[in-house]
Amino acid sequence: MTEFEPGTELVSRLPLPSHVVVHADGKWRRGWLIGRDHEESGWTALVQYEGDDGNERTERLPAERIALPTSEGPTEQAS
């Protein structure tokens, strides 16, 4: 899907938590960036999203699988 433009710098600069889209199980899904780590290979994001089965999942994904939602502003932070 080309409508989202992931970037490794995105994960490092967003406030926590932030509303994002994640590429998981072969498609883009709405989710939350809730943590991040910088490793030798680059940034890794800790994200939460809903799977096809309706259950919430929490996973570590590489930063290149994280993007901003196109319909939202720059970030949407929980209050």
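Calculation rules
- Residues numbered from 1 in each chain as written.
- Predicted model: local features only at pLDDT ≥ 70, side-chain atom pairs only at ≥ 80, totals over all residues.
- Heavy atoms only, no water.
- Helix = DSSP H or I, 4+ residues; strand = E, 2+ residues; numbered from the N terminus.
- Contact = heavy atoms within 4.5 Å.
- Areas by Shrake-Rupley, 256 points an atom, 1.4 Å probe, with all protein chains shown as cover.
- Core = buried A, V, L, I, M, F, W, Y, C linked by side-chain atoms within 4.5 Å.
- Buried < 20%, exposed > 50% of the residue type's maximum accessible area, 1.4 Å probe, protein only.
- Salt bridge = Lys/Arg side-chain N within 4 Å of Asp/Glu carboxyl O.

Caption draft 1: Structural detail: the overall build of the protein chain. Scanning the protein chain for helices and strands turns up one helix and five strands. Start at the N end of the protein chain and walk to the C end: the helices and strands fall as α-β-β-β-β-β. The long-range share in the protein chain, meaning contacts at least 24 apart out of those at least 6 apart in sequence, stands at 47%. Looking at the protein chain as shown, the accessible area adds up to about 4,800 Å², and 43% of this sits on carbon and sulfur atoms.

Caption draft 2: Examining the nonpolar core more closely. Among the nonpolar cores identified, the biggest contains 13 residues, and Val20, Val22, Leu33, Ala45, Val47 and Ile66 are the most heavily contacted of them. Leave out the neighbours within four places in its chain, and Ala45 touches Val11, Leu33, Gly35, Arg36, Glu59, Arg60, Leu61 and Ile66.

Caption draft 3: The arrangement of the pattern of salt bridges in detail. This structure, assessed with the given rule, holds five salt bridges. Its salt-bridge partner being Asp52, residue Lys27 comes within 3.0 Å of it at the nearest N-O pair. One end of the pair, Lys27, is in strand E2 (residues 27-39); the other, Asp52, is in the loop between strand E3 (42-50) and strand E4 (56-62), with 25 residues separating them in the sequence. Given a relative accessible area of 57%, Asp52 falls into the exposed group. Of the charged contacts, one joins Arg29 and Asp52 as a salt bridge, the two residues approaching to 3.1 Å between their closest N and O atoms. With Arg29 in strand E2 and Asp52 in the loop between E3 and E4, the pair connects residues that are 23 residues apart, well separated along the chain. Where salt bridges share partners, they join Asp25, Lys27, Arg29, Asp52 and Arg57 into one cluster.

Caption draft 4: Here's a closer look at unusual backbone geometry. A cis amide bond links Leu16 with the next residue in sequence, Pro17, at an omega value of -10°. One non-glycine residue, Asp25, lies in the positive phi region at around 55°. Residue placement: Asp25 occurs in the loop between strand E1 (18-24) and E2.

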